[in-house]
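Breakdown of the fold
The residues making up each chain are set out below.
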Amino acid sequence: MGELTLGHFLTLSALLFVIGMLGVLTRKNILIIFMSIELMLNAVNVSLIAFGRYLDSIAGQIFAIFVITIAAAEAAIGLGLILVLTRRQDSVDVTSVSLLKE
Amino acid sequence: MENWLFLIPLMPLLAFAFDLLLGRRFPGKWAHAPAWIAMAVAFVVSLLAVLRVARTGEPVSQTLWRWMPGADLGGFDIPFTIFIDQLTSVMILIITGIGFLIHIYSAGYMGHDPGYYRFFAYLSLFVFAMLVLVLGDNFLVMFFGWEGVGLCSYLLIGYWFDRRSAGDAAKKAFIVNRVGDFGFLIGMFLLFTTFGTLSFFGPEGIFANLAGKGEGVLTAIGLLLFVGAMGKSAQGPLTVWLPDAMEGPTPVSALIHAATMVTAGVYMMVRAHALYEAAPVALLVVLIVGLATCFIAATIGLVQNDIKRVMAYSTVSQLGYMVFAVGAGAFIPAIFHLMTHAFFKALLFLGAGSVIHGMHEEQDMRKMGGLRRSMPITYATLVAGSLALAGFPLTAGFFSKDEILVGTWFEGYPLAAIVGWIVAFMTAFYTFRMIFLTFHGQPRFDPEHVHPHESPPVMTLPLIALAIPSLLLGIIVGLPAEAGPIHQWLGPVFEGGGGHADAARTMAVAVAAAEEAHHPPAWLTVGGFAASTLLSLAGIALAWLMYGTGRISAQAMGRRFAGLYALFYNKWYLDDIYQALIVAPLDVLARILWKWVDAGFIDGIVNGVAHLTGGVSQQLRKVQTGVVSNYALAIALGTVIIVGVYLLLGPQFLAR
């Protein structure tokens, strides 16, 4: 086992991001999509922190903290939306929500 | 004193604003009050200014502001200056004096009209514009007033806009005037390119720098400006609007279409006399057009039956006198006639208005007759005005018309003077034909339904006030002939003394000075008097024989000269010619433009664009599925493509 390099972290970040994106694109359950978005955000966090370490700068970590904060706020709003959605049509399927098409 | 000159045009403008904005809210009918006050103040200030001019012999002026002073426009610098010399004095006294009387009269005449305040607002605006026209000391300010009076004329002819004929007449007047104004505009452009200024006076002004300019360009300017004068003063081919303008209320006909606005062309040419004297060809054209108009309008006036139309044609004919006097170079007689004509023609129109008012809006003279018993004051004043118009000896019109004819003969156009005398005979005839038809003989209206009555004092007082100068003005300012007070008063304008000192260099002034030096010989003056007297009396006598006693049958005359009668009655077919040559082709063209170009082509483009947008949108809306996953996929693919292009092409291509 060699030393952990920037490349490893970026690879991990990319993999996590792609997994999250595929989740967003393929799944129909809105809760799963939501969790996938969280995954993408955290993939970004990983790369931010890795770059921060690599460049010996605190900025990466600060950005990561920001992302986590925003993610928390977004989670609150997103869960609220899901709650309203399930109340209205008793389903968590995104394909059933296509009012804009009309 | 100079600091108060701005009040002259400002007062009518204030009255206009006041009446237009607040007139509707006035309790009762008080819209005439601000207009009366404004006219009175303007008249008094004008009078003070004129007295000052009389005392010092120098023009007075006040520069209010300069138009766009900072802009670098190649020497285009227009001072908004009020300038009063002896010539302007005559004009402003006519405008404010007669204007005041007509404002008073209008309160009676328009008393029953629902648009009372609107009428006074327009009338005041007109007076403002007319004053600006004569007070300006350069062509642009004059043009501003020129257009302003055109607008007011349009508004007031079409004052009873619910009558179709009034609306048509207003449009006709406006459009015909546009033709003239176009010539005026081009003339101004040419003036500016030639002289680099539009100012009349001063060392840099137009009249001081005529020497050395080509006669060709001066002739062109003179002719173009004359096109403008033809429009305003209803001369030559552009006469057609003035008779139709009688659709407007009668005080408007009196003020605008007889006394003031229509004389603007004459005023302009006299103001620019130096320019015209340097362009003899232009002057000759002015003479010919004026003479032809004078003659043609008089012949039409012989056979009209509408009392206002008789006067309309007589106005055109009298304007023709002034214009050909200008063309002959007899400027002072032209202004003299302008002045006397303003009084007696305003009187005639107001008198006709009084008749129409008393006859319940009847204008056809064939349905009148015998009115002298029921309207004694109107009858007396109207006879006074008619005597002046007919050139009855010792009335105002006699002196001024005679001076024009003698002056024209003396300036070297005896033939024109002879035509003028023939027209004088016709004038006397048709004027008294109107008097006899209207006031003498048996009533030809239905006494059961029509009860002619004398007008209220608010209308008859202005009539009396105008009748006095119509009779006496000639004796006061016109004697001795060709050298009376009017000549002494206006002399400095044409001599180059005083405020025109810088014009002394010009050739024109040399001509004017030479003119002043020798008067027409005594035989011409006396002969002119004799001819004018005889022809005037002969015209009146013929009218008496035909319409007063009926000894000569008018119908028989009409049958004997059927061809001429038809020609005159149909106004020399001028309107029909325009209809065939201009109106009808334009109508066809407009129809083509409307049906094909507008409805077909332009609307086609507009509708085509709309259809195209709609069709494309119909296709594009299918992209919007409403499924969030599809949008997310589009975002992701888009990002991948953008980043991919960036990585493939490399930053060096996209950096700049």
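Residues numbered from 1 in each chain as written. Chains lettered and ligands numbered in written order. Predicted model: local features only at pLDDT ≥ 70, side-chain atom pairs only at ≥ 80, totals over all residues.

With that out of the way, let us pick up the overall build of chain A. Across its full length, chain A holds three helices and zero strands. For chain A, the succession of helices and strands along the chain, N to C, is α-α-α. Against the compact-globule benchmark of 13 Å for 102 residues, chain A has a radius of gyration of 17 Å, which places it well outside the compact range. With respect to the principal axes defined by its C-alpha atoms, chain A has extents near 55 × 25 × 25 Å. (Helix = DSSP H or I, 4+ residues; strand = E, 2+ residues; numbered from the N terminus. Rg over C-alpha atoms; globule rule 2.2 N^0.38 Å.)

A few words now on the overall build of chain B. Assigned secondary structure in chain B consists of 26 helices and two strands. The principal-axis extent of the C-alpha atoms belonging to chain B is close to 110 × 70 × 55 Å. Here chain B holds 656 residues, and 52% of them are scored as buried. Taking as baseline every contact in chain B between residues at least 6 positions apart, the subset at least 24 positions apart corresponds to 80%. (Buried ≥ 20, exposed ≤ 12 C-beta atoms within 10 Å, placed from the backbone. Contact = placed C-beta atoms within 7 Å.)

Moving on: helix α21 (residues 522-548) of chain B. Residue and element names in this part refer to chain B. In a regular helix each residue adds 1.5 Å, so 27 residues correspond to 39 Å; α21 covers 37 Å between its end C-alpha atoms and thus fits that length. Considered for burial, the residues of α21 that qualify are G528, S532, L535, S536, G539, I540, A543, M546 and Y547. G550 sits one or two residues past α21 and shows a positive phi near 75 degrees. (Expected span 1.5 Å × (residues − 1).)

Taken together, the contact between chain A and chain B spans nine residues of the former and nine residues of the latter. Residue composition of the side of chain A that touches chain B, grouped by class: six nonpolar, two polar and one charged. (Nonpolar A, V, L, I, M, F, W, Y, C, P; charged D, E, K, R; others polar.)

Here we take up the nonpolar core. Residues F126, L275, A334, I335 and A346 of chain B are the most contacted members of the largest nonpolar core, which totals 215 residues. The element that contributes the greatest number of residues to this core is helix α4 (residues 116-135) of chain B, accounting for 18 residues. Setting aside anything within four residues of it in sequence, one finds L275 of chain B in contact with I206, F207, L210, L218, I221 and G222 of chain B. Core analysis: the second largest hydrophobic core is formed by six residues, M21, V24, I33 and V94 of chain A among them. (Core = buried A, V, L, I, M, F, W, Y, C linked by C-beta atoms within 7 Å.)

Right, let's get into the packing of helix α7 (residues 215-232) of chain B against helix α12 (residues 280-301) of chain B. Residue and element names in this part refer to chain B. In contact at an axis separation of 8 Å, α7 and α12 are set at 25 degrees when each is read in the N-to-C sense. It follows from the interaxial angle that α7 and α12 lie roughly parallel. Crossing angle aside, the handedness with which α7 passes α12 is right-handed. Of α12, the residues touching α7 (which contributes T219, G222, L223, F226 and M230) are V281, A282, V285, V286 and V289. In terms of residue class, the contact of α7 with α12 is built from eight nonpolar, two polar and no charged. (Axes fitted to C-alpha atoms, helices over the stretch in contact; angles between N-to-C directions. Parallel < 35°, antiparallel > 145°, perpendicular 65-115°, else oblique. Left-handed = near helix turned anticlockwise from the far one by under 90°.)

This part covers the confidence of the model for chain B. All names here are of chain B. In this model, chain B carries a mean pLDDT of 87, and residues with pLDDT of at least 70 account for 94%. When the criterion is pLDDT under 50, residues 497-510 qualifies, and its contacts beyond four places in sequence or with other chains add up to 38 contacts. Among the scores for the predicted complex, ipTM is 0.79 and pTM is 0.78. (pLDDT = per-residue confidence, 0-100.)

Residue and element names in this part refer to chain B. Packing of helix α13 (residues 307-328) against helix α17 (residues 414-439) brings their axes to within 11 Å, and their N-to-C directions diverge by 160 degrees. The pairing of α13 with α17 is recorded here as roughly antiparallel in orientation. Considering the relative orientation of α13 and α17, their crossing is left-handed. Note on element contacts: α17 touches α13 through A416, G420, V423, T427, Y430, T431, M434 and T438, opposite I307, V310, S314, S317, Y321, F324 and A328. When grouped by side-chain class, the residues that make up the contact of α13 with α17 number nine nonpolar, six polar and no charged.

Residues and elements named next belong to chain B. With respect to the helices and strands, the residue V477 is situated in helix α18 (residues 457-478). C-beta crowding within 10 Å serves as the criterion here: with 21 such atoms nearby, V477 is assigned to the buried category. Considered as a pair, V477 and W489 are twelve residues apart in the sequence and their alpha carbons are 9.4 Å apart.

Tracing the sequence through the fold places F349 of chain B in helix α14 (residues 331-358). The contacts of F349 of chain B, once residues within four sequence positions are left out, are T250, S253, A254, A258 and M311 of chain B.

Bringing the pairing of strand β2 (residues 78-84) of chain B into the picture now. All names here are of chain B. The element β2 is largely enclosed, with a buried count of six among its seven residues. Across seven bridges, the pairing between strand β1 (residues 60-67) and β2 is antiparallel. Considered in β2, the bridge of V60 is made with I84. (Pairing = 2+ DSSP bridges.)

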